[in-house]
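Architecture and fold: a report
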Amino acid sequence: MADNKWYSLRVISGKEKKIKERIEKEIERNDWGSHVTKIVVPTEKVYKIRSGKKVISDRNILPGYILVEADPYALNAEVVDAITSLPNVIHFLGKSEPVPMRESEANRLLGKVDESLEAGDTMIEPFIEGETIKIIDGPFNEFVGDIQEVNEEKKKLKVIVKIFGRGTEVELNFMQVEKQS
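Residues numbered from 1 in each chain as written. Predicted model: local features only at pLDDT ≥ 70, side-chain atom pairs only at ≥ 80, totals over all residues. Heavy atoms only, no water.

Per an unreviewed UniProt entry, the recorded name for the protein chain is Transcription termination/antitermination protein NusG, and the organism is Neolewinella aquimaris. Taken verbatim from the UniProt record of the protein chain, the Sequence similarities (unreviewed entry) comment is "Belongs to the NusG family." (UniProt positions renumbered as here; feature names shortened; annotations may be inferred.)

Given below as structure tokens:
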């Protein structure tokens, strides 16, 4: 088991999840579970704020690629052909003789996948200093202000809000504001 290697499979972008399911079915159907041990679509969790709610979604780290963990000795022509003849699959890196990825490369991508499961907090549309935002929660609800400072770690913003014609600095969290459309 320890000798298994990761291979990069080129596929039609946007169809990764579907293809992963198809490959898994194919492996099950042919009883190749010991040949091909894992199939991963490298994604990371990201979030947007839509009307004051945090919406988490998966974003592909490598659109158009699926990582396949397999036993190099069992990844024979039959297995390769079965996988590459599935709809929307283009080919393995190395075409009919798949070339394994460097371990460091595979670990970096898989590490990103693992990290994002823990973090789950990369914002797709980050707030930018100087940007004008609308406050949607708290005592300054409905006020508009300009971002002075963004603290990505604490998910907080320092915003200058005009109150009675004077700029006042308020600290808000990401969930209390939304981008001006």
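And the narrative resumes.
**Focus: the pattern of salt bridges**
For the structure shown, the criterion picks out eight salt bridges. For the salt bridge of Glu149 with Lys158, the shortest nitrogen-to-oxygen distance reads 3.7 Å. On the basis of relative accessibility, which here comes to 24%, the residue Lys158 falls in the partly exposed class. Lys155 serves as the salt-bridge partner of Glu152, at 3.5 Å between the closest nitrogen and oxygen. Take Glu152: its relative accessible area is 34%, and that puts it in the partly exposed class. (Salt bridge = Lys/Arg side-chain N within 4 Å of Asp/Glu carboxyl O. Buried < 20%, exposed > 50% of the residue type's maximum accessible area, 1.4 Å probe, protein only.)

**Quick notes on the nonpolar core**
Counting 21 residues, the largest nonpolar core has Leu9, Ile23, Val36, Ile66, Leu75, Ile83 and Phe92 as the members making the most contacts within it. Those elements that place two or more of their residues in this core are β1 (5-11), α1 (16-30), β2 (36-40), β5 (65-70), α2 (77-84) and β6 (89-92). The greatest single-element share of this core, amounting to four residues, is contributed by α2. Each residue touching Phe92, except ones within four places of it in the same chain, is listed here: Tyr7, Ser8, Leu9, Val68, Val80, Ile83, Thr84 and Pro98. Residues Ile135, Val159, Val161 and Val177 belong to the second largest nonpolar core, which totals 14 residues. (Core = buried A, V, L, I, M, F, W, Y, C linked by side-chain atoms within 4.5 Å. Helix = DSSP H or I, 4+ residues; strand = E, 2+ residues; numbered from the N terminus. Contact = heavy atoms within 4.5 Å.)

**Things to note about the packing of aromatic side chains**
On inspection of all chains with the given rule, the structure shows three aromatic pairs. With a centroid separation of 6.4 Å and an interplanar angle of 85 degrees, the aromatic rings of Tyr7 and Phe92 are classed as edge-to-face. Pair noted here: Tyr7 is in strand β1 and Phe92 is in strand β6, with a separation of 85 residues, a long-range link. (Phe/Tyr/Trp six-rings, centres within 6.5 Å; stacked < 30°, edge-to-face > 60°.)

**Observations regarding the sheet that holds strand β11 (residues 166-173)**
Read from one edge to the other, the open sheet built from five strands follows the order β11-β10-β9-β8-β12, with strand pairing classed as antiparallel. Only two strands of the sheet have a single partner each, and these edge strands are β11 and β12 (177-179). In this sheet, neighbouring strand axes are inclined to one another by 45 degrees on average, regardless of whether the strands run parallel or antiparallel. With six bridges connecting them, strand β9 (residues 144-151) and strand β10 (residues 156-163) associate as antiparallel partners. Bridge pairing in β10 places Asn151 opposite Lys156. (Pairing = 2+ DSSP bridges. Axes fitted to C-alpha atoms, helices over the stretch in contact; angles between N-to-C directions.)

**Observations regarding the environment of Glu149**
As for its placement among the helices and strands, Glu149 is situated in strand β9. Distance from Glu149 to Asp31, taken between C-alpha atoms, is 56 Å for residues 118 residues apart in sequence.

**Topic: the pairing of strand β4 (residues 53-60)**
Pairing between strand β3 (residues 43-50) and β4: eight bridges, direction antiparallel. Of the residues in β4, the one forming a bridge with Thr43 is Asn60. Here β3 folds back onto β4 in antiparallel fashion, the turn holding two residues, of which Ser51 has a positive phi close to 40 degrees.

**Section: the sheet that holds β6**
With antiparallel pairing, the four strands of this open sheet are ordered in space as β2-β5-β1-β6. Every other strand in the sheet has two partners, leaving β2 and β6 as the edge strands with one partner each. Strand-to-strand, the axes of this sheet are offset by a mean angle of 30 degrees, without reference to chain direction. Running at roughly 165 degrees to β2, α1 makes contact with β1, β2, β5 and β6 of the sheet.

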